[in-house]
Amino acid sequence: MSIRILIADDHQLFREGIVTLLSASPQIEIVDQAENGQEAIEKAKKLKPDIVIMDLSMPVINGVDATRILHKELPGIRVLALSMHCDKHYIKEALEAGVSGYLFKNCTYDQLIEAINTVYQGEKYLSAKITEVLIRDYLSKEEEVHDNSEELSERESEILKLMAEGKSTREISDVLFISVKTVGTHKQHILEKLNLKSTADLIKYAIKKGIVGLG
């Protein structure tokens, strides 16, 4: 049984090149072509392909919005993004819209076939280059988390350590000979300085920074 594919791309030469390449595979049937997102949606609804190979930058309706609509209205159709955009924002937006796979347009024929087979089987496909972009973005965000521990006062550092050790506000006030209200004020200042939201976040931070151990 062949894999039925709709090709959506606004560049005719590129689109027809993909059609020619894929038509050479006995396992693939090209059901039609679309030159914009609106046409891709209409033809997908009519023809019910297994996969839509979708460019992201297209007129009328772009590929991301077209994917979002197809994902909502025809969830059984898998969308494989084939784009020139390597920007992390494009990738994330496409993934959030519901694409099953993402490839750059400079991929090889073998990679395209692998992606088609993968998403056809109901799995997600990200090329090695896409994965690298996402990992770099994740790591850069980790590095962007500013370590403000040096900005904590000596008393705030004491309270952070005691909180991370599991002591209650009352216990901390007893240990440091300060009022419960003062402990609460210090805690709020610590959260603000470290850009954290809860006691659980403080504990995770303290463990990560080695202020307290897991044991």
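Structure: above.
Residues numbered from 1 in each chain as written. Predicted model: local features only at pLDDT ≥ 70, side-chain atom pairs only at ≥ 80, totals over all residues. Heavy atoms only, no water.

A. Inspection of the nonpolar core at higher detail. By size, the foremost hydrophobic cluster in this structure holds 27 residues, and its most contacted members are Ala8, Ala44, Val52, Met54, Leu70 and Tyr102. In this structure, leucine 70 is in contact with Ile41, Ala44, Val52, Met54, Pro75 and Val79, ignoring residues within four places of it in sequence. If you look at the next biggest cluster of nonpolar residues, it comprises 20 residues, including Ile7, Ile18, Ile30 and Ile51. (Core = buried A, V, L, I, M, F, W, Y, C linked by side-chain atoms within 4.5 Å. Buried < 20%, exposed > 50% of the residue type's maximum accessible area, 1.4 Å probe, protein only. Contact = heavy atoms within 4.5 Å.)

B. A look at empty space enclosed by the protein. Tallied over the full model, the rule gives one cavity of 30 Å³ or more. Forming the walls of the largest cavity are Ile7, Ala8, Asp9, Phe14, Arg15, Ile18, Ile53, Met54, Asp55, Leu82 and Lys105. Of all the secondary-structure elements, those providing two or more residues to the lining of the largest cavity are strand S1 (3-8), helix H1 (12-23) and strand S3 (51-54). With three residues, the top contributor of residues to the lining of the largest cavity is H1. Residue composition of the lining of the largest cavity, by class: seven nonpolar, no polar and four charged. (1 Å grid on protein atoms, 1.4 Å probe; cavity = no way out; pocket = protein on both sides within 12 Å on 5 of 7 lines; lining within 4 Å. Points joined across faces, edges and corners; volume = space filled by probe spheres on them. Helix = DSSP H or I, 4+ residues; strand = E, 2+ residues; numbered from the N terminus. Nonpolar A, V, L, I, M, F, W, Y, C, P; charged D, E, K, R; others polar.)

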